[in-house]
Amino acid sequence: ANAQWQEADKETLKVMLDVANRTEQGYLGLDDIKTFPCKDLQLIDHLWLKFSGGHFGFSVQKEIYLQCGGQADYEYYKEAEQRWGDRVGWREGGSWTFEIIYELGGSPEGHLPNCFVVMVRFCEFLFSRIQACEL
């Protein structure tokens, strides 16, 4: 609510790890994503959407990913992921940079939350779960 996006990003990771009982590991595995409770995912997404005015959120990222040719089916689409990374500002000059901008006005749509910190693999799994939860 206070536009402290870096703190919100850290809190998102903390909450997701707590919900999945993965705090000790520090990351979510693919099975954790597949079974992540919809109500918790919906709440996290709702808060990002609400306080960013629709600029940030997992559902925003998912829609961009779908526009880039990806599908929410737990499969990996490399070209779509690369186009998506370009759109959300995590790739530059064909390489992944992961330089996170914690400013609403200075970052591309869908730039946050940083879903790569919550997974051992790619955001596509999270987008598939979001699709299954109807976000």
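Residues numbered from 1 in each chain as written. Predicted model: local features only at pLDDT ≥ 70, side-chain atom pairs only at ≥ 80, totals over all residues. Heavy atoms only, no water.

A. Quick look at the nonpolar core. Core analysis: the largest hydrophobic core is formed by 31 residues, its most contacted members being Met16, Leu41, Phe58, Trp84, Trp90 and Leu126. Broken down by secondary-structure element, the contributors of at least two residues to this core are α1 (5–19), α3 (38–52), α4 (58–67), α5 (78–88) and α6 (124–132). Dropping the residues within four chain positions of it, leucine 41 is found in contact with Met16, Phe36, Phe58, Leu126, Arg129, Ile130, Cys133 and Leu135. (Core = buried A, V, L, I, M, F, W, Y, C linked by side-chain atoms within 4.5 Å. Buried < 20%, exposed > 50% of the residue type's maximum accessible area, 1.4 Å probe, protein only. Helix = DSSP H or I, 4+ residues; strand = E, 2+ residues; numbered from the N terminus. Contact = heavy atoms within 4.5 Å.)

B. Just the packing of aromatic side chains, in detail. In the structure shown here, the tally under the stated rule is seven aromatic pairs. Taking the centre distance of 5.2 Å and the plane angle of 75° together, the rings of tryptophan 5 and phenylalanine 56 count as edge-to-face. With tryptophan 5 in helix α1 and phenylalanine 56 in the loop between α3 and α4, this pair connects stretches of sequence that are 51 residues apart. Taking relative accessible area as the criterion, tryptophan 5 reaches 7% and is therefore assigned buried. Their ring planes at 85° and their centres at 5.2 Å tell us that tryptophan 84 and tryptophan 90 sit as a pair that is edge-to-face. The class of tryptophan 84 is buried, set by a relative accessible area of 1%. Owing to a relative accessible area of 0%, tryptophan 90 belongs among the buried residues under this scheme. Aromatic rings pair up to connect Tyr65, Trp84, Trp90 and Phe127 into one cluster. The side chain of lysine 34 reaches across the aromatic face of tyrosine 74, ending 5.2 Å from its centre. The residue whose ring lies beneath arginine 91 is tryptophan 96, and the NZ or CZ to ring-centre distance is 5.4 Å. (Phe/Tyr/Trp six-rings, centres within 6.5 Å; stacked < 30°, edge-to-face > 60°. Lys NZ or Arg CZ within 6 Å of the ring centre and 35° of its normal.)

C. Representation of the state of the cysteines in the model. Inspection of every chain in the model, using the stated rule, returns one disulfide. One disulfide bridge connects cysteine 38 with cysteine 133, the sulfur atoms lying 2.1 Å from each other. When the S-S torsion is -80°, as for the bridge of cysteine 38 with cysteine 133, the disulfide is left-handed. With cysteine 38 in helix α3 and cysteine 133 in the segment after α6, the pair connects residues that are 95 residues apart, well separated along the chain. Free of any disulfide, cysteine 68 has its nearest cysteine sulfur in cysteine 123, 12 Å distant. (Disulfide = S-S within 2.5 Å.)

Note that every value here comes from positions in space, so none of it alone points to a role or purpose.
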